[in-house]
Amino acid sequence: MSTSLLAVGQTPPTNAQYLGIDAGLPQTKYSSSLSIPPEFPEVLKNFTREVLRHQPKEIYQFAAEYFAELIRKQQTVAEVEVPVATEEEPISTEKPQVIFVLGGPGSGKGTQCANIVEHYGFVHLSAGDLLRAEKDSGSPDGAMISQMIKDGQIVPSSVTINLLYKAMMKSGKQHFLIDGFPRNAENNDNWINLLGEKVDFQFVLFFDCPEAVMEQRLLKRGETSGRSDDNIESIKKRFRTYIESTIPVVESYADRGLAVQIDATRPIDEVWEDVAEAFAERGIRPVV
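Residues numbered from 1 in each chain as written. Predicted model: local features only at pLDDT ≥ 70, side-chain atom pairs only at ≥ 80, totals over all residues. Heavy atoms only, no water.

Student: Is there a simple way to think about the overall build of the protein chain in this case?
Tutor: Within the protein chain, the secondary structure is distributed over 11 helices and 7 strands. Among the 288 residues that make up the protein chain, the fraction classed as buried is 38%. Restricting the contact set of the protein chain to residue pairs at least 6 apart, pairs at least 24 apart contribute 75%. (Helix = DSSP H or I, 4+ residues; strand = E, 2+ residues; numbered from the N terminus. Buried < 20%, exposed > 50% of the residue type's maximum accessible area, 1.4 Å probe, protein only. Contact = heavy atoms within 4.5 Å.)

What follows is the structure, given as structure tokens:
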């Protein structure tokens, strides 16, 4: 049983209400349902970015479709839920402290996450692992995820965020590594909108590694891993997505002094020394 964070009995203002007008807007098939969320500055920034990217000729039609799709996602995707404590599953009452762990495929971030868990007592949460586990759980959300993957659709980031938050609250712990999320600006914006006030975000731990080095590591791993995506074609696609979508997220945090860049080209022990030093500088002490 869960209680919605957003169930506050308020309806977001329509575009006319938000702008303080009652008439004069062109009527389209979207007009009756189109509304502006409370997080208007963030939404407007994202909308402006999309306008510049697409450069549509019919700007109002594009705006109507953009916001209608935004509202559709808000209405059809499960809201972030607060797990309710049970005797079997007590939940944490403290605000979770979160470090995002980002890096390209083959950067070695998984190995370093394991070290952090061992020495600092953090809980390691992988967005991909949580989605796969939920998909196989037989739950309603799992069925939805399975169907979307089957249909070739991208699972909305709100679903992933919901799974991450529930995992944090049910763990009974306070310190978390979130591995491989956010992967793009949309992920990051939704995280801020849904959980910005619910968690204590620390920084991004970024494992920087040149593409050539990561490629060599992945091809070597592919000789024994059995993973279908450890082949040169898949690797190249993953690199492109990482560079085009994830690097801008890292840069946005770096611009605000909220990213720690680690040179991940070196041996594992040397990379770990830098991670431990970065943690010490931020007052994070080992527990083991």
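Having put the structure on the table, let's press on.
Student: Can you help me understand the packing of aromatic side chains in this one?
Tutor: In this structure the tally under the stated criterion is 9 aromatic pairs. Taken together, a centroid distance of 5.1 Å and an interplanar angle of 45 degrees make the contact between F201 and Y253 tilted. Here F201, found in strand β6 (residues 200-208), pairs with Y253, found in helix α10 (residues 232-254); they are 52 residues apart in sequence, far enough to count as distant. Residue classification places F201 among the partly exposed positions, given a relative accessible area of 21%. The rings of F100, F181, W191, F201 and Y253 are connected pair by pair, giving a single aromatic cluster. We note R256 situated over the ring of Y253; from NZ or CZ to the ring centre the distance is 4.6 Å. Cation over ring: R282 sits above F203, and NZ or CZ is 5.3 Å from the ring centre. (Phe/Tyr/Trp six-rings, centres within 6.5 Å; stacked < 30°, edge-to-face > 60°. Lys NZ or Arg CZ within 6 Å of the ring centre and 35° of its normal.)

Student: Explain the nonpolar core here, please?
Tutor: One broad rule of soluble globular proteins: the nonpolar side chains tend to lie buried together. Within the largest apolar cluster, 49 residues are counted, with the highest numbers of intra-cluster contacts made by I99, I116, M168, W191, L205, V275 and F279. Ranked by residues supplied to this core, first place goes to α10 with 7 residues. Formed by 6 residues, the second largest nonpolar core is a distinct cluster that contains I145, M148, V159 and L163. (Core = buried A, V, L, I, M, F, W, Y, C linked by side-chain atoms within 4.5 Å.)

Geometric descriptors of this kind do not, in isolation, establish any biological role.
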